[in-house]
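# Residue-level structure breakdown
Chain by chain, the residues run as shown.
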Amino acid sequence: MAAAADPRKNRLVAALPHAEWQRWLPELEPVSMPLGKVLYESGDTMRHVYFPTTAIVSLLYVMESGASAEIAVVGSEGIVGISLFMGGESTPSRAVVQSAGLGFRLKSQMVKDEFNRAGPVMHLLLRYTQALITQMTQTAACNRHHSLDQQLCRWLLLSLDRLQGPELVMTQELMANMLGVRREGVTEAALNLQRLGLIRYARGHITVLDRPGLEKRTCECYAVVKKEYDRLLPEKLAI
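This one's a predicted model, so the numbers in the text were calculated from it and none came from an experiment. (Residues numbered from 1 in each chain as written. Predicted model: local features only at pLDDT ≥ 70, side-chain atom pairs only at ≥ 80, totals over all residues. Heavy atoms only, no water.)

### Structural notes on the overall build of the protein chain
Helix and strand counts for the protein chain stand at nine helices and 10 strands. Relative to the globule expectation of 18 Å for 239 residues, the C-alpha radius of gyration of the protein chain, 17 Å, shows essentially globular dimensions. Each of the 239 residues in the protein chain was classed as buried or not, and the buried ones make up 50%. In the protein chain, the proportion of contacts linking residues at least 24 apart, taken out of those at least 6 apart, comes to 74%. (Helix = DSSP H or I, 4+ residues; strand = E, 2+ residues; numbered from the N terminus. Rg over C-alpha atoms; globule rule 2.2 N^0.38 Å. Buried < 20%, exposed > 50% of the residue type's maximum accessible area, 1.4 Å probe, protein only. Contact = heavy atoms within 4.5 Å.)

Okay, structure coming up:
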(Lines give C-alpha, C1' and ligand atoms only; values in the text may rest on other atoms or scores of the structure.)
Protein backbone atom coordinates (compact mmCIF):
# COMPACT_ATOMS: atom_id res chain seq x y z
CA MET A 1 0.00 0.00 0.00
CA ALA A 2 1.45 3.39 -0.96
CA ALA A 3 2.69 5.48 1.94
CA ALA A 4 0.33 8.34 1.09
CA ALA A 5 -2.60 5.93 1.20
CA ASP A 6 -1.61 4.09 4.38
CA PRO A 7 -4.61 4.07 6.74
CA ARG A 8 -2.19 3.94 9.69
CA LYS A 9 -1.38 7.58 9.03
CA ASN A 10 -4.57 8.10 11.02
CA ARG A 11 -3.71 7.89 14.73
CA LEU A 12 -6.84 5.97 15.71
CA VAL A 13 -6.33 3.35 13.02
CA ALA A 14 -2.63 3.11 13.88
CA ALA A 15 -3.53 2.42 17.52
CA LEU A 16 -5.66 -0.63 16.71
CA PRO A 17 -4.45 -3.88 18.27
CA HIS A 18 -3.30 -6.51 15.77
CA ALA A 19 -6.55 -8.53 15.71
CA GLU A 20 -8.71 -5.44 15.11
CA TRP A 21 -6.29 -4.13 12.47
CA GLN A 22 -6.53 -7.42 10.58
CA ARG A 23 -10.36 -7.22 10.65
CA TRP A 24 -10.42 -3.61 9.52
CA LEU A 25 -7.79 -3.69 6.79
CA PRO A 26 -9.91 -5.35 4.05
CA GLU A 27 -12.86 -3.06 4.89
CA LEU A 28 -11.06 0.30 4.90
CA GLU A 29 -11.86 2.04 1.62
CA PRO A 30 -9.55 4.84 0.42
CA VAL A 31 -11.35 8.07 -0.48
CA SER A 32 -10.29 11.37 -1.97
CA MET A 33 -11.36 14.43 0.02
CA PRO A 34 -11.30 17.51 -2.23
CA LEU A 35 -11.66 21.00 -0.76
CA GLY A 36 -15.29 21.80 0.06
CA LYS A 37 -16.60 18.24 -0.30
CA VAL A 38 -19.55 17.62 2.05
CA LEU A 39 -19.28 14.25 3.81
CA TYR A 40 -22.52 14.65 5.78
CA GLU A 41 -25.34 17.13 5.79
CA SER A 42 -27.32 17.81 8.94
CA GLY A 43 -29.86 15.02 9.42
CA ASP A 44 -28.28 12.62 6.92
CA THR A 45 -28.30 8.93 7.77
CA MET A 46 -24.69 7.86 8.23
CA ARG A 47 -23.57 4.99 6.03
CA HIS A 48 -19.85 5.40 6.71
CA VAL A 49 -17.41 6.94 9.15
CA TYR A 50 -14.27 8.64 7.86
CA PHE A 51 -10.65 8.50 8.99
CA PRO A 52 -8.73 11.42 7.44
CA THR A 53 -5.02 10.84 6.80
CA THR A 54 -3.90 14.00 4.98
CA ALA A 55 -7.23 15.88 4.82
CA ILE A 56 -8.88 18.06 7.47
CA VAL A 57 -12.65 18.01 7.96
CA SER A 58 -14.62 20.83 9.57
CA LEU A 59 -17.76 20.12 11.60
CA LEU A 60 -20.21 22.98 11.17
CA TYR A 61 -23.49 23.76 12.87
CA VAL A 62 -25.93 25.19 10.33
CA MET A 63 -28.76 27.49 11.41
CA GLU A 64 -32.21 27.62 9.78
CA SER A 65 -31.15 30.88 8.09
CA GLY A 66 -28.26 29.09 6.40
CA ALA A 67 -25.64 30.76 8.58
CA SER A 68 -23.04 28.38 9.99
CA ALA A 69 -20.13 28.24 12.41
CA GLU A 70 -17.45 25.66 13.03
CA ILE A 71 -17.70 23.57 16.18
CA ALA A 72 -14.63 21.34 15.66
CA VAL A 73 -11.98 20.15 13.21
CA VAL A 74 -10.95 16.55 12.57
CA GLY A 75 -7.73 15.45 10.90
CA SER A 76 -5.33 12.54 11.07
CA GLU A 77 -5.89 12.27 14.82
CA GLY A 78 -9.52 11.28 14.59
CA ILE A 79 -12.74 10.03 13.09
CA VAL A 80 -15.65 11.84 11.42
CA GLY A 81 -19.01 10.39 12.46
CA ILE A 82 -19.02 9.86 16.23
CA SER A 83 -22.84 10.13 16.31
CA LEU A 84 -23.00 6.68 14.74
CA PHE A 85 -21.54 4.82 17.71
CA MET A 86 -22.80 7.24 20.37
CA GLY A 87 -26.38 6.09 19.79
CA GLY A 88 -27.62 7.95 16.73
CA GLU A 89 -27.84 7.27 13.03
CA SER A 90 -27.53 10.92 12.04
CA THR A 91 -25.90 14.15 13.17
CA PRO A 92 -27.17 17.74 13.51
CA SER A 93 -23.90 19.11 12.07
CA ARG A 94 -22.45 19.32 8.57
CA ALA A 95 -19.06 17.75 7.83
CA VAL A 96 -17.13 19.50 5.04
CA VAL A 97 -13.54 19.13 3.89
CA GLN A 98 -11.57 22.15 5.08
CA SER A 99 -8.18 21.11 3.66
CA ALA A 100 -7.98 18.76 0.69
CA GLY A 101 -6.32 15.38 1.04
CA LEU A 102 -6.95 11.70 1.49
CA GLY A 103 -8.67 9.47 3.98
CA PHE A 104 -10.43 6.16 4.47
CA ARG A 105 -13.99 5.22 5.22
CA LEU A 106 -15.55 2.26 7.00
CA LYS A 107 -19.13 1.04 6.71
CA SER A 108 -21.36 2.08 9.57
CA GLN A 109 -22.43 -1.42 10.57
CA MET A 110 -18.86 -2.57 11.06
CA VAL A 111 -18.09 0.41 13.28
CA LYS A 112 -21.17 -0.25 15.40
CA ASP A 113 -20.30 -3.95 15.68
CA GLU A 114 -16.74 -3.12 16.76
CA PHE A 115 -17.95 -0.61 19.31
CA ASN A 116 -20.48 -3.05 20.73
CA ARG A 117 -17.77 -5.63 21.34
CA ALA A 118 -16.88 -3.42 24.34
CA GLY A 119 -13.20 -4.04 23.72
CA PRO A 120 -10.19 -1.86 22.86
CA VAL A 121 -11.94 -0.16 19.92
CA MET A 122 -14.74 1.09 22.17
CA HIS A 123 -12.26 2.53 24.69
CA LEU A 124 -10.21 4.16 21.92
CA LEU A 125 -13.30 5.77 20.36
CA LEU A 126 -14.62 6.97 23.72
CA ARG A 127 -11.31 8.66 24.56
CA TYR A 128 -11.37 10.37 21.17
CA THR A 129 -14.97 11.46 21.71
CA GLN A 130 -14.03 13.05 25.04
CA ALA A 131 -11.22 14.99 23.35
CA LEU A 132 -13.59 16.12 20.57
CA ILE A 133 -16.18 17.29 23.10
CA THR A 134 -13.47 19.33 24.80
CA GLN A 135 -12.67 20.98 21.47
CA MET A 136 -16.35 21.74 20.85
CA THR A 137 -16.96 23.28 24.27
CA GLN A 138 -13.74 25.31 24.14
CA THR A 139 -14.64 26.57 20.66
CA ALA A 140 -18.03 27.76 21.96
CA ALA A 141 -16.34 29.62 24.81
CA CYS A 142 -13.68 31.07 22.49
CA ASN A 143 -16.25 32.35 20.00
CA ARG A 144 -18.09 34.11 22.83
CA HIS A 145 -15.21 35.66 24.74
CA HIS A 146 -12.20 36.13 22.45
CA SER A 147 -11.39 38.41 19.54
CA LEU A 148 -11.55 37.32 15.91
CA ASP A 149 -7.75 37.62 15.71
CA GLN A 150 -7.39 35.17 18.60
CA GLN A 151 -9.97 32.81 17.11
CA LEU A 152 -8.15 32.84 13.77
CA CYS A 153 -4.82 32.09 15.49
CA ARG A 154 -6.43 29.18 17.37
CA TRP A 155 -7.96 27.85 14.17
CA LEU A 156 -4.66 28.12 12.27
CA LEU A 157 -2.77 26.29 15.01
CA LEU A 158 -5.34 23.49 15.23
CA SER A 159 -5.13 23.13 11.45
CA LEU A 160 -1.31 23.11 11.46
CA ASP A 161 -1.32 20.28 13.99
CA ARG A 162 -3.22 18.20 11.44
CA LEU A 163 -1.09 19.06 8.39
CA GLN A 164 2.36 18.00 7.25
CA GLY A 165 3.41 21.48 6.14
CA PRO A 166 2.91 25.20 6.93
CA GLU A 167 0.46 26.00 4.09
CA LEU A 168 -3.34 25.91 4.03
CA VAL A 169 -5.50 26.34 0.94
CA MET A 170 -8.85 27.77 1.91
CA THR A 171 -11.58 29.79 0.22
CA GLN A 172 -12.60 33.02 1.96
CA GLU A 173 -16.20 31.82 2.00
CA LEU A 174 -15.30 28.58 3.77
CA MET A 175 -13.16 30.43 6.31
CA ALA A 176 -16.00 32.85 7.00
CA ASN A 177 -18.49 29.99 7.40
CA MET A 178 -16.20 28.18 9.81
CA LEU A 179 -15.54 31.21 11.99
CA GLY A 180 -19.15 32.39 11.77
CA VAL A 181 -18.29 35.88 10.50
CA ARG A 182 -18.54 37.89 7.29
CA ARG A 183 -15.88 37.41 4.61
CA GLU A 184 -14.67 40.95 5.18
CA GLY A 185 -13.98 40.13 8.82
CA VAL A 186 -11.85 37.12 7.91
CA THR A 187 -9.90 39.14 5.35
CA GLU A 188 -9.23 41.92 7.85
CA ALA A 189 -8.08 39.49 10.55
CA ALA A 190 -5.84 37.57 8.13
CA LEU A 191 -4.27 40.76 6.78
CA ASN A 192 -3.64 41.93 10.33
CA LEU A 193 -1.71 38.72 11.06
CA GLN A 194 0.16 39.23 7.80
CA ARG A 195 1.19 42.77 8.79
CA LEU A 196 2.60 41.31 11.99
CA GLY A 197 4.70 38.88 9.96
CA LEU A 198 2.94 35.80 11.32
CA ILE A 199 1.42 34.54 8.06
CA ARG A 200 1.44 35.21 4.34
CA TYR A 201 -2.10 35.48 2.98
CA ALA A 202 -3.26 35.74 -0.63
CA ARG A 203 -6.60 34.65 -2.08
CA GLY A 204 -7.24 31.78 0.26
CA HIS A 205 -3.63 30.59 0.44
CA ILE A 206 -2.24 30.89 3.96
CA THR A 207 1.39 30.15 4.77
CA VAL A 208 2.38 30.25 8.42
CA LEU A 209 5.68 32.09 8.80
CA ASP A 210 5.96 32.35 12.57
CA ARG A 211 4.25 29.59 14.55
CA PRO A 212 5.67 30.69 17.94
CA GLY A 213 4.29 34.15 17.21
CA LEU A 214 0.83 32.68 16.55
CA GLU A 215 1.03 30.73 19.82
CA LYS A 216 1.83 33.91 21.73
CA ARG A 217 -1.03 35.82 20.09
CA THR A 218 -3.75 33.19 20.48
CA CYS A 219 -5.94 32.74 23.56
CA GLU A 220 -5.65 29.91 26.10
CA CYS A 221 -8.21 27.84 24.17
CA TYR A 222 -5.66 26.30 21.82
CA ALA A 223 -3.49 25.02 24.69
CA VAL A 224 -6.51 23.59 26.54
CA VAL A 225 -7.60 21.58 23.49
CA LYS A 226 -4.09 20.42 22.58
CA LYS A 227 -3.38 19.26 26.13
CA GLU A 228 -6.56 17.18 26.18
CA TYR A 229 -5.82 15.53 22.83
CA ASP A 230 -2.27 14.73 23.94
CA ARG A 231 -3.59 13.29 27.22
CA LEU A 232 -6.32 11.11 25.76
CA LEU A 233 -5.06 9.94 22.37
CA PRO A 234 -2.22 7.60 21.40
CA GLU A 235 1.14 9.24 20.81
CA LYS A 236 1.39 10.78 17.37
CA LEU A 237 3.25 8.53 14.98
CA ALA A 238 6.17 9.83 12.92
CA ILE A 239 5.17 10.22 9.28
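### Quick word on the packing of aromatic side chains
One pass over the structure, following the stated rule, counts four aromatic pairs. Residues Tyr-40 and Tyr-50 carry aromatic rings whose centres are separated by 5.8 Å and whose planes lie at 70° to one another, so their mutual orientation is edge-to-face. Highlighted residues: Tyr-40 in strand β2 (residues 38-40) and Tyr-50 in strand β3 (residues 48-52), separated in sequence by 10 residues. You can call Tyr-40 buried: its relative accessible area is 6%. The side chain of Arg-162 reaches across the aromatic face of Tyr-229, ending 5.3 Å from its centre. (Phe/Tyr/Trp six-rings, centres within 6.5 Å; stacked < 30°, edge-to-face > 60°. Lys NZ or Arg CZ within 6 Å of the ring centre and 35° of its normal.)

### Points about the environment of Glu-167
Mapped onto the secondary structure, Glu-167 falls in strand β8 (residues 167-169). Sequence-wise, Glu-167 and Leu-198 are 31 residues apart; in three dimensions their C-alpha atoms are separated by 12 Å.

### Details of the sheet that holds strand β6 (residues 93-99)
Strand order across the open sheet formed by four strands is β2-β6-β4-β5, with antiparallel pairing between neighbours. Edge positions in the open sheet fall to β2 and β5 (68-74), since each of these has one partner strand only. Between one strand axis and the next, the sheet turns through 35° on average, direction left out of account. Relative to β5, strand β4 (residues 56-62) runs antiparallel, the two being bridged by six bridges. (Pairing = 2+ DSSP bridges. Axes fitted to C-alpha atoms, helices over the stretch in contact; angles between N-to-C directions.)

### What to know about the packing of helix α5 (residues 148-160) against helix α7 (residues 183-195)
Between α5 and α7, the shortest axis-to-axis distance is 10 Å and the interhelical angle comes to 75°. With respect to α7, the element α5 is oriented roughly perpendicular. Residues Leu-148, Asp-149, Leu-152, Cys-153 and Leu-156 of α5 touch α7, and the partners they reach there are Gly-185, Val-186, Ala-189, Ala-190, Asn-192 and Leu-193. Split into classes, the residues belonging to the contact of α5 with α7 amount to eight nonpolar, two polar and one charged. (Parallel < 35°, antiparallel > 145°, perpendicular 65-115°, else oblique. Nonpolar A, V, L, I, M, F, W, Y, C, P; charged D, E, K, R; others polar.)

### Considerations on the sheet that holds strand β10 (residues 205-208)
Whether parallel or antiparallel, the strands of a sheet pair through hydrogen bonds between backbone atoms. In space, the three strands of this open sheet follow the order β8-β10-β9, with antiparallel pairing throughout. Single-partner strands in this sheet number two, and they are β8 and β9 (199-202). Neighbour-to-neighbour, the strand axes of this sheet turn through a mean angle of 10°, independent of strand direction. With three bridges connecting them, β8 and β10 associate as antiparallel partners. Within β10, the residue paired with Val-169 across the bridge is His-205.

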